[in-house]
Amino acid sequence: MALQVALDAFNQELLTSDGLVLVDFGAPWCGLCRFIQPITDRLVAEWGGAVKVLRVNVDDNFWLPRRYRVRSLPTLILFEKGQEVQRLEHFASRDEVIRRCEQLFLDHLRYLGSGACSSSFEPQAPPPGV
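Computed from a prediction, not measured in an experiment: that's the story for all the values here. (Residues numbered from 1 in each chain as written. Predicted model: local features only at pLDDT ≥ 70, side-chain atom pairs only at ≥ 80, totals over all residues. Heavy atoms only, no water.)

Chemist: Hey, could you go over the packing of aromatic side chains for me, with residue numbers and the actual values?
Modeler: Following the criterion strictly, the structure yields four aromatic pairs and no others. Seen in terms of ring centroids, Y68 and F79 are 5.3 Å apart; in terms of plane orientation they differ by 80 degrees. Their pairing is edge-to-face. One end of the pair, Y68, is in the loop between α3 (63-67) and β4 (75-80); the other, F79, is in strand β4, with eleven residues separating them in the sequence. The residues Y68 and F79 share a single accessibility class, namely buried. Ring pairing ties together the aromatic residues F10, F25, Y68 and F79, which thus form one cluster. (Phe/Tyr/Trp six-rings, centres within 6.5 Å; stacked < 30°, edge-to-face > 60°. Helix = DSSP H or I, 4+ residues; strand = E, 2+ residues; numbered from the N terminus. Buried < 20%, exposed > 50% of the residue type's maximum accessible area, 1.4 Å probe, protein only.)

Listed below in structure tokens is the structure:
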């Protein structure tokens, strides 16, 4: 599942990860941010743990949202090998979050399948009944 991180742990987790890392920038007072947490947890479980989720509380970590130019909450940024791959922001609803996150993973899979990247990211079959 997701790991709540501060600056030191963030740098360690992001830079040492071999796979994809989805960073969830949010705040406890942000209603849509609270809706996103179980959604990203579910999607990561469906993708067999091939994507690690890091959560950053922008109230407690001023420099991280500033470094990545986070302008709205929630903001989701997908990283591969420490580099930003794609950013999702300006959500209107819970359904849009689900649709855009799923599309993000599928787009990245197509990119990997095209031979443009050498990552070993492959989705795992979801457990029965999911």
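After that view, the rundown keeps rolling.
Chemist: With reference to specific residues and values, describe the pairing of strand β5 (residues 83-89).
Modeler: Note: β4 against β5, six bridges, orientation antiparallel. By the bridge assignment, T75 is partnered in β5 with E89. Hairpin geometry of β4 and β5 is characterised by an intervening segment of two residues between the two adjacent antiparallel strands and by a positive phi of about 55 degrees at K81. (Pairing = 2+ DSSP bridges.)

Chemist: Before we move on, can you summarise the confidence of the model for the chain with the specific residues and values?
Modeler: Looking at the chain as a whole, its pLDDT mean stands at 79, while 82% of the residues score no less than 70. When mean pLDDT is compared element by element in the chain, α3 scores highest at 93, while helix α4 (residues 94-113) scores lowest at 75. Confidence drops under a pLDDT of 50 for residues 116-130, and excluding neighbours within four residues, the segment shows 24 contacts in the predicted structure. (pLDDT = per-residue confidence, 0-100. Contact = heavy atoms within 4.5 Å.)

Chemist: Please provide a residue-by-residue account of the pairing of β4, values included.
Modeler: Most of β4 is tucked away, with six of its six residues classed as buried. Because side chains alternate across β4, one face comprises the buried residues T75, I77 and F79, and the other comprises L76, L78 and E80, equally buried. As paired elements, strand β2 (residues 20-26) and β4 share six bridges and run antiparallel to each other. Across the sheet, the residue bridging to L22 is L78, located in β4.

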